[in-house]
Amino acid sequence: MKIAILPGDGIGTEIVAEAIKVLQALDLSLTMETAPVGGAAYESHGHPLPESTLQLAKDADAILFGAVGDWKYDTLERSLRPEQAILGLRKHLGLFANFRPAICYEQLVNASSLKPELISGLDILIIRELTGDIYFGQPRGRRTATDGHFPGAEEAFDTMRYSRPEIERIAHVAFQAARTRKAAGSEGRVTSVDKANVLETFQFWKDVVTEVGQSYPDIALDHMYVDNAAMQLVKQPKRFDVVVTGNMFGDILSDEASMLTGSIGMLPSASLNSRNQGLYEPSHGSAPDIAGQGIANPLATILSAAMMLRFSLQQPEAAARIEKAVDTVLSQGLRTPDIYSAGTTKVSTREMGDAVVKALG
Ligand code: IPM
Ligand code: MG
C-alpha cells in the first residue's frame, strides 16, 4: 500500500508528522513517500503542484495531505498560488466526492460555541461535490485580461455549471452513505442543499437529485435552500443526517458545521474518486499565524489517516484503533489550545501525537 505524503505549508508539516507517527505505530506494510505541494513547492519547484508531485499522487493508493496557503502568496498570479495545488489534485485525480463528517465528541461538548444540548450526540455527514460548480466553470476570467490582480479591469466573472452525470454520481454517493449510516442506526435521510429559488444550476441539481432518490425508497430525501441550511445548522443541527451539496455551498457549510463540534481542528475529510483512490486531509487550513509554534491540533489529520485506512486501504480495524485512541486521549483530558478548557491538560502538537500512539495499545 503506497501513500503519498504531501505536508504542504504552515501547520501542514507539523500535523502530518504526527499522523505519520501514528500510521507507523500500527505496523502495517505501508510505503510512504513525501513530496512538496503548495507554497513549499512553489519555493522549491516554481509551481504549487509540480509534475513530480502530481505523478506521485497519481501512482499512490492514497494521499495524506496537510494544508496549503500563506498570505505571502496573495500577490502571485492565480495559477501559481498554493490553493491551485489542491484544486489541481482534485481535478487531475477526479476526486469528486468530498466527505466531511461533523461529529461532536462528548468530551468536547463544552468547547463548542453552541449550547451543549444542541450538539451533544451530533453526528452528521456533509458530502460536498468537489470537481464542478463555480470552482471549475468555464469561461472564467476577467474582461480586461491582466494576469495577477485587477488594476484597470472593468469586470470579472466565474460561471456556475453542473452536468447531469456530475450531479447523478454525487447523489448516488450521498444516498449510499445514508444507507450505510442507517444500517448503523442513523435516520436514513439525505438533505440536498440548493438555491433553486434563484439559480438555474441548482434547480437542475434539485431535479436530478430527486430523480436519483427514486431508486432509494428506504432513504428520506428533503431539499433545503442554502441560506436556510446555514441557519438550521446552528439552530437544530441534529435534524441533519447526510447533507449533499455543490462545491461552493459545501465549502461554506462544512466550515460552519465544523464549529458545531468545538473546533475545526478535530475534523477529518476524505475526497474520493470512482476508483476509491482518495486524498485525505484535515478540514482546516494551513493557519500560518500559528505555524511553527507546536500548538496546532493534529487530531483532524490523525483522524483523516483513519479515514484513509478505512476508505482506500481496506484496513477498517486499524482505522477503528486510531479512532478509539483519539477518544481515549480526549477522555484523558489532553487538549491542544484550540480545544482547551479549564480543568483539562494543555498539550503541544507533538505531545498529542505521542499520546495517541501510546493509546493505540
Ligand atoms: C477547502 C478549502 C479549499 C476550497 C481552498 C484551499 C481552495 O477551503 O478545502 O475547503 O475552497 O475548496
Ligand atoms: Mg474551505
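The rules behind each value
- Residues numbered from 1 in each chain as written.
- Chains lettered and ligands numbered in written order.
- Predicted model: local features only at pLDDT ≥ 70, side-chain atom pairs only at ≥ 80, totals over all residues.
- Heavy atoms only, no water.
- Phe/Tyr/Trp six-rings, centres within 6.5 Å; stacked < 30°, edge-to-face > 60°.
- Helix = DSSP H or I, 4+ residues; strand = E, 2+ residues; numbered from the N terminus.
- Buried < 20%, exposed > 50% of the residue type's maximum accessible area, 1.4 Å probe, protein only.
- Domains from an automatic or database assignment.
- Contact = heavy atoms within 4.5 Å.
- Buried area = accessible area lost by both parts, 1.4 Å probe.
- Salt bridge = Lys/Arg side-chain N within 4 Å of Asp/Glu carboxyl O.
- Polar contact = N/O pair within 3.5 Å; in protein donor to acceptor, adjacent residues only side chain to side chain.
- Nonpolar A, V, L, I, M, F, W, Y, C, P; charged D, E, K, R; others polar.
- Near = heavy atom within 4 Å.
- Areas by Shrake-Rupley, 256 points an atom, 1.4 Å probe, with all protein chains shown as cover.

A.B. asks: How would you explain the packing of aromatic side chains if you had to name every residue and give the values?
C.D. replies: Counted according to the given criterion, the structure contains 7 aromatic pairs. Geometrically, the ring pair formed by Phe 99 and Phe 311 is tilted, given 5.4 Å between the ring centres and 45° between the ring planes. With Phe 99 in strand E4 (residues 97-103) and Phe 311 in helix H10 (residues 299-311), this pair connects stretches of sequence that are 212 residues apart. Arranged with centres 6.3 Å apart and planes meeting at 85°, the rings of Tyr 162 and Phe 202 form a pair that is edge-to-face. One end of the pair, Tyr 162, is in the loop between strand E7 (156-157) and helix H6 (164-183); the other, Phe 202, is in helix H7 (residues 200-213), with 40 residues separating them in the sequence. Residues Tyr 162 and Phe 202 agree in their burial class; the two are buried.

A.B. asks: How would you sum up the domain arrangement of the protein chain? Please name residues and give values.
C.D. replies: On domain assignment, one finds that the protein chain holds domain 1 (1-96 + 273-361) and domain 2 (100-261). The straight-line distance from the C-alpha centre of domain 1 to that of domain 2 is 23 Å. Contact with domain 1, which involves 20 residues of that partner, is made by 19 residues of domain 2. A combined buried area of about 1800 Å² lies between domain 1 and domain 2, and 58% of that area is made up of carbon and sulfur atoms. Of all residues in domain 1, the largest losses of buried area upon contact with domain 2 belong to Arg 90, Lys 91 and Phe 96, amounting jointly to 36% of the total for that side. At the surface where domain 1 touches domain 2, the tally comes to 0 salt bridges. Run the count over domain 1 and domain 2 and you get 5 residue pairs in polar contact (both at pLDDT 80 or more). Looking at the side of domain 1 that touches domain 2, the elements with two or more residues in it are helix H4 (83-93), H10 and helix H11 (316-331). With 4 residues, H11 is the single largest residue contributor to the side of domain 1 that touches domain 2. Each residue belonging to the side of domain 1 that touches domain 2 can be placed in one class, and the counts come to 8 nonpolar, 4 polar and 8 charged.

A.B. asks: Give a detailed account of the site of ligand 1, specifying residues and quantitative values.
C.D. replies: Around ligand 1, the neighbouring residues are Glu 83, Arg 90, Arg 100, Arg 128, Tyr 135 and Asp 251. Here an oxygen atom of ligand 1 and a side-chain polar atom of Arg 90 are 2.7 Å apart. Considering ligand 1 on its own, with 320 Å² of exposed area, one finds that the protein chains cover 75% of that surface. Of the residues in the shell around ligand 1, the class split is 1 nonpolar, no polar and 5 charged.

A.B. asks: Any details on the environment of Glu 106? Residues and values, ideally.
C.D. replies: Take Glu 106: it is sitting in the loop between E4 and helix H5 (116-119). Judged by its relative accessible area of 46%, Glu 106 is partly exposed. Taking the C-alpha atoms as reference points, Glu 106 and Glu 18, 88 residues apart in sequence, are found 23 Å from one another. Every residue in contact with Glu 106, bar those within four places of it in the chain, is listed here: Ser 120 and Gly 121. Within the structure, Glu 106 has its side chain in polar contact with the side chain of Ser 120 (distance 2.8 Å).

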